[in-house]
Amino acid sequence: MPGPDLPPAAAPMTAEALLTRWPTGAQKVELLHGVLVFVGDFDERDLDTARRTYPARRPVLNADGGLEVHPAGAGDPTPLLT
């Protein structure tokens, strides 16, 4: 549930956030070519949380609003779902 009126990533968890924020708000999780793909409607706050959760990995948002967590490496990863 993206939008500018929602609390930042460091805000306390609420029941609404539990159902819409990453990782509990993921509708489905898949592993494609070594990349974790979380299906849902995520935004920069979820991306920030994923960076803290997977410090050695490279999370990125894809074109469908999902969150992908790529293996460690140099540079920004290219989303699998573009």
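Above this text you will find the structure in question.
Undergrad: Please set out the side chain of aspartate 46 residue by residue, giving values where relevant.
TA: Its place among the elements puts aspartate 46 in helix H2 (residues 44-53). Look at aspartate 46 and you get buried, because its relative accessible area is 1%. Setting aside its immediate chain neighbours within four residues, aspartate 46 contacts Arg21, Trp22 and Leu67.

Undergrad: Explain H2 to me, using residue names and the numbers behind them.
TA: Turning to H2, its buried residues number three or more, namely Arg45, Asp46, Leu47, Thr49 and Ala50. Those residues of H2 that are buried are in contact with strand S3 (58-61) and strand S4 (67-70).

Thresholds applied
- Residues numbered from 1 in each chain as written.
- Predicted model: local features only at pLDDT ≥ 70, side-chain atom pairs only at ≥ 80, totals over all residues.
- Heavy atoms only, no water.
- Helix = DSSP H or I, 4+ residues; strand = E, 2+ residues; numbered from the N terminus.
- Buried < 20%, exposed > 50% of the residue type's maximum accessible area, 1.4 Å probe, protein only.
- Contact = heavy atoms within 4.5 Å.

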